[in-house]
Amino acid sequence: MKTIDQIATKHNTEERAESTGAEAPLEQAVPGAASETQPGNQSGPGTPCLEIRLGLDVHLAFIMVAEQVGHQPSKSPRKLDVVGLVAEVKRWIAQGHQVWCVQEACGFGFTLHRQLEAAGAHSLVITPQPLGDRRKTDRLDASQLLRYLSRYVDGQRDELRPIRIPKAEEEQLREVGRRREFFLRQVRRLANRGLALRIQREHQGLPSQWWGPRNWKRLEGQLEPSLKAILQGMREPLLSFQQQATALTEELVGRVKGQSIPRGLGALTLALLDGEICDWGRFHNRKQAGSYTGCCPGVHGSGGHWKMGNIDRHGNGRVRRQLVEAVWRLLKHQSRWHALHRHLPRLGDPLGGRTGSKAQRKKVVVALARQLAIDLWRWRTGRCNLEQLGLVTITV
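Residues numbered from 1 in each chain as written. Predicted model: local features only at pLDDT ≥ 70, side-chain atom pairs only at ≥ 80, totals over all residues. Heavy atoms only, no water.

S.K.: If you had to explain the nonpolar core to someone new, which residues and values would you point to?
M.R.: Generally speaking, soluble globular proteins have nonpolar side chains that are buried together. Within the largest apolar cluster, 43 residues are counted, with the highest numbers of intra-cluster contacts made by L323, W337, L368, L372 and L376. When contributions to this core are tallied by element, the ones reaching two or more residues are α5 (168–202), α7 (225–255), α8 (267–277), α10 (317–333) and α12 (358–380). Among the elements that line this core, the one with the most residues is α12, at ten residues. If sequence neighbours within four positions are ignored, L376 has contacts with L265, L273, W280 and L323. Counting residues in each nonpolar core, the second largest holds 17 residues, with L56, V65, V89 and L112 among its members. (Core = buried A, V, L, I, M, F, W, Y, C linked by side-chain atoms within 4.5 Å. Buried < 20%, exposed > 50% of the residue type's maximum accessible area, 1.4 Å probe, protein only. Helix = DSSP H or I, 4+ residues; strand = E, 2+ residues; numbered from the N terminus. Contact = heavy atoms within 4.5 Å.)

This is the structure in structure tokens:
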């Protein structure tokens, strides 16, 4: 297998031969040709810049790396750890080569991406996508990512869809809302588990917030000793999780304190949306803002016949959920919102008690959620104010 230095030396020798009219010598006769066993080999002066492309199938214990140099055939994938991969990239960059990397977004975050960028590589992180049909291995996945990257670098930009990498500060702000969501989920799980135990043991239910001081004081004398001991053990984590969720809620609301916001939207919802979006200026037009919500309908069209299907659910599911919940509140508090006028025939008159069918209302709410994202983008980027959108404001 030829190394990067061998390919660069061969390319440089062929260029000198073409300029002098002489025939290029065989690769074996190239003086100073590199060997795979020679560490720290540096390219000499005049070595052309090569384009090295890497497909990375990232795992916790190792990274499967598929490598291609220029338009040469790709090499057999190999395993590297994070330190070894970054060291290889630094060595190639020091030799004057250009390095492109691609990896799928996953639960490992963007640590590897930032390390590769700091080493000088062009690193791309894409949305996860199917990489094979019936066969799936780490080597096949890395090779398929490399093929996509090769076509992408050659100009076929539709082969890959890189995602936006948030800044470290943006990740920290976003994590507050997600941590709050985690704690609330644990509270619901433990509360439901305690309720199920009471129903199973005593055929009775539990009041809402049964772990609170007042409710628990009344329950202590009603529970059998074994069940009381179990629920008592569940109270401590419940109170701790609830306390942490409350503190995080106050922190989120404090971010928009003093701002004028649409009535019915809610300070907490706005803070969560700001955290998930990271930067409203990331969208350059209304289509990008609407598509990020995943509320765009699917389309099947051929021969002039078009059929609209279910929403595609692309983008950020947390943003979509917050927007849909916000729209149900805006239907009660924002009767002058400009987006409502075109949908009133299908909505009926929610303020007057006349409503459309349940299915129609759900479809309209999803459409309004997409429009709400566009309106918030216009407002947050200074393209218009809330009064121009027909939204009544309140101060947090």
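S.K.: Any chance you could break down the packing of helix α2 (residues 82–94) against helix α3 (residues 111–119) for me, citing the residues and the numbers?
M.R.: Two elements in contact, α2 and α3, have axes whose closest approach is 9 Å; the angle formed by their N-to-C orientations is 20°. One finds that α2 runs roughly parallel with respect to α3. Read as a crossing pair, α2 and α3 show a hand that is right-handed. Residues V82, L85, V86, V89, K90 and I93 of α2 touch α3, and the partners they reach there are L112, Q115, L116 and A119. Within the contact of α2 with α3, the residues separate by chemical class into eight nonpolar, one polar and one charged. (Axes fitted to C-alpha atoms, helices over the stretch in contact; angles between N-to-C directions. Parallel < 35°, antiparallel > 145°, perpendicular 65-115°, else oblique. Left-handed = near helix turned anticlockwise from the far one by under 90°. Nonpolar A, V, L, I, M, F, W, Y, C, P; charged D, E, K, R; others polar.)

S.K.: Can you tell me about unusual backbone geometry, naming the residues and giving the values?
M.R.: The phi torsion at H203 lies on the positive side, around 55°, for a residue other than glycine. You can see H203 is positioned in the loop between α5 and α6 (213–219). Phi is positive for C278, close to 75°, though the residue is something other than glycine. You can see C278 is positioned in the loop between α8 and α9 (286–291).

S.K.: How would you summarise the environment of N385 if you had to cite specific residues and measurements?
M.R.: Mapping N385 onto the fold places it in the loop between α12 and β11 (393–395). With ten residues separating them in the primary sequence, N385 and D375 have C-alpha atoms 9.4 Å apart. Among the polar contacts listed, one links the side chain of N385 to the backbone nitrogen of E387, at a separation of 3.3 Å. (Polar contact = N/O pair within 3.5 Å; in protein donor to acceptor, adjacent residues only side chain to side chain.)

S.K.: Got a sec to walk through α12? Specific residues and values, please.
M.R.: In this model α12 runs 32 Å from its N-terminal to its C-terminal C-alpha over 23 residues, within 8% of the 33 Å that 1.5 Å per residue would give. G382 sits one or two residues past α12 and shows a positive phi near 80°. (Expected span 1.5 Å × (residues − 1).)

S.K.: Before we move on, can you summarise the sheet that holds strand β1 (residues 51–58) with the specific residues and values?
M.R.: Ordered by their spatial adjacency, five strands build an open sheet running β3-β2-β1-β4-β5, and the pairing between neighbours is mixed. The open sheet has two free edges, formed respectively by β3 (78–80) and β5 (122–126), since each of these has just one partner strand. When strand polarity is set aside, the average angle formed by the axes of neighbouring strands in this sheet is 30°. Relative to strand β2 (residues 63–69), β1 runs antiparallel, the two being bridged by seven bridges. (Pairing = 2+ DSSP bridges.)

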